[in-house]
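As a plain string of letters, each chain reads:
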Amino acid sequence: MSGLISKREELEAHFKRYPDVPREVILKSDMLRLGVFFTEPVTQLTEGCRTKLYGGNVFAHDIVTPDEMPRVFRVPEFIELRGGLYGLRGRLRVHSRVNTKTPYVVDVVDGAVRLCLREGERKEPIADLWPFRPEPKFWSKKFEDGTPYKELSWAEPHPIVFLMCQHWGPKEECKFCEINYTWNMTHQHGVGTLKKPYTDPQQVAEVIAEIFREERAPEDKPYGVLIDGGTITKQVAGLTENEFYLRYVEAIREKIGPTWPICVMSHPQTKEGAKRWRDAGATKQCANIEVWDKRLFGTICPGKERHIGWDNWVKRMLDEVEVFGWGNVEATFVAGVEMAQPWGFTEVRDAVRSTTSGMEYLMSHGIVPMMVVWAFYAGAALKDQVRPPLEYYVEIARNWYELLCKYRLPGPTYGVWAPRMGPGRFEMVSSAVGDMGDEPLPSQSYD
Ligand code: SF4
């Protein structure tokens, strides 16, 4: 049996086995597991488009290094799929996790950019693409001291304000994470130019205000702010983690006024620390537990275990719900990492059961989990692993959505994405769970 047929058969077998799960969820999950490849003609079409942000970012999220594929710097940040063989609805947004050995290839076919399934030299188009998003205007601006606006925020109001993590080295760094690799890689390749791994709060606030001022198409309009960055276990710029991130909340809130949500992604804070951020203008907090099983949390996230610990992590998240409110605390899971070997579950049903119990516990306390699909990033410690099967992601998505409805929670947004759900409507590019749910309304087909 050919590889092409077997991938199509695999997808179509999942469509049949899970009729209650949208095809968009199944395809997107598989693409995030395996990554995407972009041919040379496609990367020649990205001039003036929103390419993937490397400098000023913490996670390359590529499965190959730039040495293996130099044109990685010319790929679009995400692709938006529609139509094709499976009649994809809306705009199915999929992150560009670049991989040279994936069956999913974006190529120019008959003059149009299409998603293809590859077998050897053969490629079969399976979906069409919406045009790549234009490069935001602010990316061409610089401050007087030479700092490029582009390295202070994603195209959305998503500034990475500390570009390293003090969980450093094998005894501390989360095993799936590539943050410290990304800083080195982007500087070696000249796409990261910041001298210090942290940014100036006033400059960041000005960039965020500029994003809200920009004239943009409706689908590119900003929704809110996500202040993001690595963990601070000691100090940065003479400040603790709580004090450090507080300065950005204050500066951004002062610049943009009260209209937009602001979320901070960090360790869960003590109740007093969370209140400081809330009083300064933060409306949400995201504390990434990554993996629910307590033993695996200690193994896969040794720095988090050492400095906070699983019990304290969970307690603090619950405390934060009292500060920010029901549905305003989120928690990323690296979905599937609980099957990392030699420590993790070997059976899909055990992994699904463990993670579902964590989702239910958190949701029953007003916390919204964001299930990001695990991939083997080039700079992470966990590389040579066996991927959890597609079935795992489909079952997690289905359980997640059932629980979200059961506990009457809003969909996850990280504060920066619009809270829209349904096939081809979810804006988060690294997770397919929000593509569950209702079909798009005719008025939201974006034609
Ligand atoms: S806390 Fe873990 S996942 Fe977060 S940046 Fe540090 S090493 Fe990466």
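Scroll up to find the structure this text is about.
Residues numbered from 1 in each chain as written. Predicted model: local features only at pLDDT ≥ 70, side-chain atom pairs only at ≥ 80, totals over all residues. Heavy atoms only, no water.

Trainee: What am I meant to see in the pattern of salt bridges here?
Mentor: Working definition: two side chains of opposite charge can pair if their charged atoms are close together. By the definition in use, this model includes 38 salt bridges. The partner of E24 in a salt bridge is R89, and the shortest N-O contact between them spans 2.8 Å. Taken together, the residues span a long stretch of sequence, with E24 in helix 2 (residues 23-34) and R89 in strand 3 (residues 88-95) at a distance of 65 residues. On the basis of relative accessibility, which here comes to 25%, the residue R89 falls in the partly exposed class. Residue K304 pairs with E290 through a salt bridge whose shortest N-O separation is 2.7 Å. Taken together, the residues span a long stretch of sequence, with K304 in helix 9 (residues 302-307) and E290 in the loop between strand 10 (284-286) and helix 8 (294-300) at a distance of 14 residues. Its relative accessible area of 7% is what places K304 among the buried residues. (Salt bridge = Lys/Arg side-chain N within 4 Å of Asp/Glu carboxyl O. Helix = DSSP H or I, 4+ residues; strand = E, 2+ residues; numbered from the N terminus. Buried < 20%, exposed > 50% of the residue type's maximum accessible area, 1.4 Å probe, protein only.)

Trainee: Looking at this structure, I do not really get the packing of aromatic side chains. What am I missing?
Mentor: Two numbers describe a pair of aromatic rings. These are the distance of the centres and the angle of the planes. Applying the stated criterion across every chain, the model contains 15 aromatic pairs. Where F138 meets W139, the ring centres are 6.5 Å apart and the plane angle is 75°; that geometry is what we call edge-to-face. Judged by relative accessible area, F138 falls into the buried class, the value being 0%. The class for W139 is buried, based on a relative accessible area of 6%. When the centroid spacing of 5.0 Å and the interplanar angle of 70° are considered together, the rings of W292 and W310 count as edge-to-face. Of this pair, W292 sits in the loop between strand 10 and helix 8 while W310 sits in helix 10 (residues 310-324), and the two are 18 residues apart along the sequence. (Phe/Tyr/Trp six-rings, centres within 6.5 Å; stacked < 30°, edge-to-face > 60°.)

Trainee: Looking at this structure, how should I read the site of the ligand?
Mentor: Around the ligand lies a shell formed by C165, H167, E173, C174, F176, C177, I179, T231, E290 and K304. Class assignment for the residues of the shell around the ligand results in five nonpolar, two polar and three charged. (Near = heavy atom within 4 Å. Nonpolar A, V, L, I, M, F, W, Y, C, P; charged D, E, K, R; others polar.)

Trainee: So what exactly am I meant to see when it comes to the sheet that holds strand 10 here?
Mentor: One key point about sheets: their strands pair by backbone hydrogen bonds, in either a parallel or an antiparallel sense. The six strands lie next to each other as 7-8-9-10-11-12, forming an open sheet whose pairing is parallel. At either margin of the open sheet sits one strand with a lone partner, and together these are strand 7 (160-162) and strand 12 (367-373). Within this sheet the neighbouring strands show an average axis-to-axis angle of 25°, counted without direction. Pairing analysis gives three bridges linking strand 8 (residues 225-229) to strand 9 (residues 262-265), with the strands arranged parallel. Directly across from I227, in strand 9, lies its bridge partner V264. Relative to strand 12, helix 11 (residues 348-364) is tilted by about 150°, and along the sheet it contacts strand 11 (329-335) and strand 12. (Pairing = 2+ DSSP bridges. Axes fitted to C-alpha atoms, helices over the stretch in contact; angles between N-to-C directions. Contact = heavy atoms within 4.5 Å.)

Trainee: How should I be thinking about helix 12 (residues 390-406) in this particular structure?
Mentor: Structurally, the α-helix is built with 3.6 residues per turn, so residues lying three or four positions apart point the same way. Between its terminal C-alpha atoms helix 12 stretches 25 Å, which fits the 24 Å expected from 17 residues at 1.5 Å a residue. With respect to burial, helix 12 is a largely interior element, twelve of its 17 residues being buried. Of all the residues in helix 12, the buried ones are L390, Y392, Y393, V394, E395, I396, A397, N399, W400, Y401, L403 and L404. R408, located one to two residues past helix 12, shows a positive phi value of around 50°. (Expected span 1.5 Å × (residues − 1).)

Coordinates in, geometry out; function isn't part of it.
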